[in-house]
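Chain residues, written in single-letter form:
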Amino acid sequence: METLHLDTRLEPNVTPAVDSVGTHPNRGGVSVDAVVVSGLTKRYGKRAAVDNLSFTVPAGSVAGLIGPNGAGKTTLMAMLLGLVRPTEGEGTVLGQSVDRPSGYLGRVGALIEGPAFHPAVSGIDNLRALAMLGGHDQAEIPELLQLVGLDGRGEDRYGSYSMGMKQRLGIAASLLGDPELVILDEPTNGLDPVGMQDIRRLIAEIAAGGRTVIVSSHLLSELEQVCDWLIVIDHGGLVYLGSPEQLTGTEALVMRTAESGDLPILHSMVVSTHLPVDTTDDGIVVTLNDDVDPAALAAEINRRAHAAGIVLSELHHRRSDLEARYLNLISNGDSSADETTKTNAIPKGQSS
Amino acid sequence: MIAAFRSEFLLLNRFRMWAIAVLVTVVFTVAATALLVATAEPATTQGVGDGIPLELFRGPGGATAAVSWSFAFGFILLLAAFTSRIGNEFTRGTFRTALLHHPNRWSLIAGKMAALMAVTVTLVVVGLVSGAVTAALVAPGQDIDTAGWFGAEAFGDTLIDFARMIGWATGWALIGTTLAVLVRSTPIALGAGVLWFGPIENVIGEGQEFAQRWFPGQLLRAVVSPNSPDAVSTGTAAATLAAYGLVLVTTVAIFIKRRDVTA
């Protein structure tokens, strides 16, 4: 039987595209990890808010820190920002130890636990006060207000701002001093869908400048569009680390024949794609990879099946379901994350 | 610390803040001074707990002596101001936001307190002037001779009274800041402060020698009302308060440095 000439070579158990020093696939050329965390733990009494967490965030990436409420996202960020002292473990931010946040906070911008400013003071004066504190240039404030969409409202009292405006001001504050790393803790909290979309667009703009961005949310759907690196935590522990594509799982072509006797013939036909093929009771599932155009492959299979006199009763492209995968991970904890997903996603030399 | 001071002063230095603060200071000082001067009695007719001795107003420094005494009753305003300003930093999360730009915690809190003290010193001057004018206006009704109140000698006494008021204000500022840092909640810190420095110190310690000697509120009152009955000497009060101040500063430094910032 003729082999289907589609470049579908795929190594099973694909490893994440992160090399030993953490260069990110989407923003190559940067050779230092922005954040490295090893065995980081924070306990409050007997309860571990963050439990033996190890991961890296490649420089230049937009990393989504995802987990349900109470998963430990804010505590983790607070440790990275020197607000909370780790009980155990170690970490570095921009190459400096988290034990000495003064060594790197000048190069880090953050919005954590929601925006917090003086309500009786104008937005612009709140930013001026923070710029003075950090020794930043106040001349950049009008530009920042414009970037976050608050131009014309900077002179208004912060207390008169809507929730969305407060979040925007918080993001503007995090950008004071043109930081290399921006950490945003649930920046879309309390926003309507339009506001959430605006913030996502803003995050993409921030990242476009080459900054590393870590943004947290309890909703994967909020971040999947802007993040190229995911850290999923639950109950303080790491559940998944890697690209969104890895978490997504695989896409597939699903096909069924009108006559069950044609199934073996169809099977031998699709095996020639060199793609993983599974046979079920009444159909065949071809697992796809990034190199395959699903529509082209489906058309080719349909054409050849027709030529062979096989009537296909079904031929469809099964898309991945990121949200379902995420929910499965966090609802079942570590045990649900299949070994391929977990171990392949975590960079060499590290574990959860 | 200079950056923290400038940053905090920028937040404080607003027309609305000054208008309210000056108005409260003037209203309080004018009312308290007028009341004190109007109710002053000759020392010979006084019993324990009576008003300010009339003799204090005679001669140089008489005008500002009345103002200094009146400040003793305003401790609650100062305590509330520092407790709420610093406490709100924690409850609103603005301290957390500030730390992200200025990670030196001790320097941050010291700068904030210094900026608040700068405003306080200005208000003390306003109070001193408005109170002195009030005393000069009320004094003739009490047959008090004000001839010596505005001479060169009076200026020296005024400076001493001013220094007493600044010392008194610094003490309450430290107490308010410490309560706010320890409790991190304005209502609880203010409630605890009012409870202790109100009924506990004044009712339980009433007429008790140990209270006058050791209670911080009583010692601070002795600083601005040095000639009140039962008051310890200014030197004793200052020495004891300096020791208390050291304890408070150390406590704040330890708590602010070691505690997680979770709000």
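A. Spotlight on the sheet that holds strand β14 (residues 312-318) of chain A. Residues and elements named next belong to chain A. The sheet built from 4 strands is open, its strands ordered β12-β13-β11-β14 with antiparallel pairing. Only two strands of the sheet have a single neighbouring strand rather than two, namely β12 (277-279) and β14. Along the sheet, successive strands turn relative to each other by an average axial angle of 15 degrees, direction set aside. Where β12 lies against strand β13 (residues 284-287), 3 bridges are found, and the strand directions are antiparallel. Looking across to β13, one finds that Val277 is bridged to Val286.

B. Broad picture of the interface of chain B and chain A. Every contact between the two is made by 28 residues of chain B and, on the other side, 30 residues of chain A. The contact between chain B and chain A buries some 2600 Å² in all, and 61% of this surface belongs to carbon and sulfur atoms. Of all residues in chain B, the largest losses of buried area upon contact with chain A belong to B:Arg96, B:Leu100 and B:His101, amounting jointly to 27% of the total for that side. Counting across the interface, chain B meets chain A through 1 salt bridge. For the salt bridge of B:Asp260 with A:Lys42, the shortest nitrogen-to-oxygen distance reads 2.7 Å. Linking chain B with chain A are 13 residue pairs in polar contact (both at pLDDT 80 or more). Mapped by element, the contributors of at least two residues to the side of chain B that touches chain A are α1 (2-12), α4 (75-91), α5 (94-101), α6 (105-138) and α11 (234-258) of chain B. Of the residues in the side of chain B that touches chain A, the class split is 11 nonpolar, 7 polar and 10 charged.

C. Summary view of the environment of A:Gly190. Residue and element names in this part refer to chain A. Topologically, Gly190 is positioned in the loop between β7 (181-185) and α5 (193-208). With relative accessibility at 64%, the residue Gly190 sits in the exposed group. Sequence spacing of Gly190 and Gly114 is 76 residues, and the spatial spacing of their C-alpha atoms is 9.9 Å.

D. Just a nonpolar patch on the surface, in detail. All names here are of chain B. Taken together, the side chains of Ile20, Val24, Ile76, Leu77 and Val194 define a hydrophobic patch exposed on the protein surface, amounting to about 370 Å² of accessible area. Elements with a contribution of two residues or more to the nonpolar patch: α2 (15-39) and α4. By the secondary structure assignment, Ile76 is in helix α4. Using a relative accessible area of 31% as the deciding quantity, one classes Ile76 as partly exposed.

E. Representation of the environment of B:Met1. Here B:Met1 lies in the segment before α1. Among residues more than four places away in sequence, those in contact with B:Met1 are B:Ser107, B:Ala110, B:Gly111 and B:Ala114.

Conventions used here
- Residues numbered from 1 in each chain as written.
- Chains lettered and ligands numbered in written order.
- Predicted model: local features only at pLDDT ≥ 70, side-chain atom pairs only at ≥ 80, totals over all residues.
- Heavy atoms only, no water.
- Pairing = 2+ DSSP bridges.
- Helix = DSSP H or I, 4+ residues; strand = E, 2+ residues; numbered from the N terminus.
- Axes fitted to C-alpha atoms, helices over the stretch in contact; angles between N-to-C directions.
- Contact = heavy atoms within 4.5 Å.
- Buried area = accessible area lost by both parts, 1.4 Å probe.
- Salt bridge = Lys/Arg side-chain N within 4 Å of Asp/Glu carboxyl O.
- Polar contact = N/O pair within 3.5 Å; in protein donor to acceptor, adjacent residues only side chain to side chain.
- Nonpolar A, V, L, I, M, F, W, Y, C, P; charged D, E, K, R; others polar.
- Buried < 20%, exposed > 50% of the residue type's maximum accessible area, 1.4 Å probe, protein only.
- Patch = residues over 30% accessible without salt bridge, like charges linked within 9 Å, V, L, I, M, F, W, Y side chains within 5 Å.
- Areas by Shrake-Rupley, 256 points an atom, 1.4 Å probe, with all protein chains shown as cover.

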